Amino acid sequence: PGSKEERKVLIHEMRHATDMKIGKLKYEDDYVRYNGVEYERKDIEGQDMIHYDGKWIPAGSTDFPWELEANIGNK
């Protein structure tokens, strides 16, 4: 508690919470919607995966635009 890492995580997650509150981002069991575009989501061999840019990528990856945007607050 109180560390620089904790602050980074809180800022990142608050950005997601804000985006969800204003309707920019939505997480569901079978998709993620960001800026009106839905990305299929499913469990593949026990891992939460999202179909993005033609491939299945693990949820939380910085390849996703919503993750990149949430990280901007930490720069």
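What you are looking at is a predicted structure, and each value in this text was computed from that prediction instead of being measured.

*Asks:* I'm lost on the packing of helix α1 (residues 4-21) against helix α2 (residues 65-72) in this one. Help?
*Replies:* Helix packing geometry: the angle between the two helix axes and the distance between the axes. Two elements in contact, α1 and α2, have axes separated by 8 Å at closest approach and are oriented at 120 degrees. One way to sum up the angle between α1 and α2 is to call them oblique. As α1 packs across α2, the resulting crossing turns out to be right-handed. Between α1 and α2, the residues in contact are His12, Arg15, His16 and Asp19 and Trp66, Glu67, Glu69, Ala70 and Asn71, respectively. By residue class, the composition of the contact of α1 with α2 is two nonpolar, three polar and four charged.

*Asks:* Explain the nonpolar core to me, please; I cannot follow it from the model alone.
*Replies:* A general tendency of soluble globular proteins is for nonpolar side chains to be buried together. Core analysis: the biggest nonpolar cluster contains nine residues, these being Leu25, Val32, Tyr34, Tyr39, Ile50, Tyr52, Ile57, Phe64 and Trp66. Among the elements of the structure, β2 (31-34) and β4 (47-52) are those that each provide at least two residues to this core. Beyond its immediate stretch of four places on either side in the chain, Trp66 contacts His16, Leu25, Tyr27, Val32, Tyr34, Tyr39 and Ile50.

*Asks:* Before we go on, may I ask you to explain the pattern of salt bridges in this structure?
*Replies:* Close approach of charged atoms allows side chains of opposite charge to pair. For the structure shown, the criterion picks out six salt bridges. We note a salt bridge from Glu69 to Arg15, for which the minimum N-O separation is 2.9 Å. Placement of the pair is Glu69 in helix α2 and Arg15 in helix α1, with a sequence separation of 54 residues. On the accessibility criterion, Arg15 (30% relative accessible area) is partly exposed.

*Asks:* Which parts of the structure should I look at to understand the side chain of Glu67?
*Replies:* Mapped onto the elements of the fold, Glu67 is located in helix α2. The buried charged residue Glu67 lacks any salt bridge, with Arg41 as its nearest oppositely charged partner at 8.8 Å. With residues near it in sequence (within four places) discarded, Glu67 still touches His12, His16, Tyr27, Gly60, Ser61 and Thr62.

Each value, and the rule that gives it
Residues numbered from 1 in each chain as written. Predicted model: local features only at pLDDT ≥ 70, side-chain atom pairs only at ≥ 80, totals over all residues. Heavy atoms only, no water. Axes fitted to C-alpha atoms, helices over the stretch in contact; angles between N-to-C directions. Helix = DSSP H or I, 4+ residues; strand = E, 2+ residues; numbered from the N terminus. Parallel < 35°, antiparallel > 145°, perpendicular 65-115°, else oblique. Left-handed = near helix turned anticlockwise from the far one by under 90°. Contact = heavy atoms within 4.5 Å. Nonpolar A, V, L, I, M, F, W, Y, C, P; charged D, E, K, R; others polar. Core = buried A, V, L, I, M, F, W, Y, C linked by side-chain atoms within 4.5 Å. Buried < 20%, exposed > 50% of the residue type's maximum accessible area, 1.4 Å probe, protein only. Salt bridge = Lys/Arg side-chain N within 4 Å of Asp/Glu carboxyl O. Lys, Arg positive; Asp, Glu negative; His and termini not counted.

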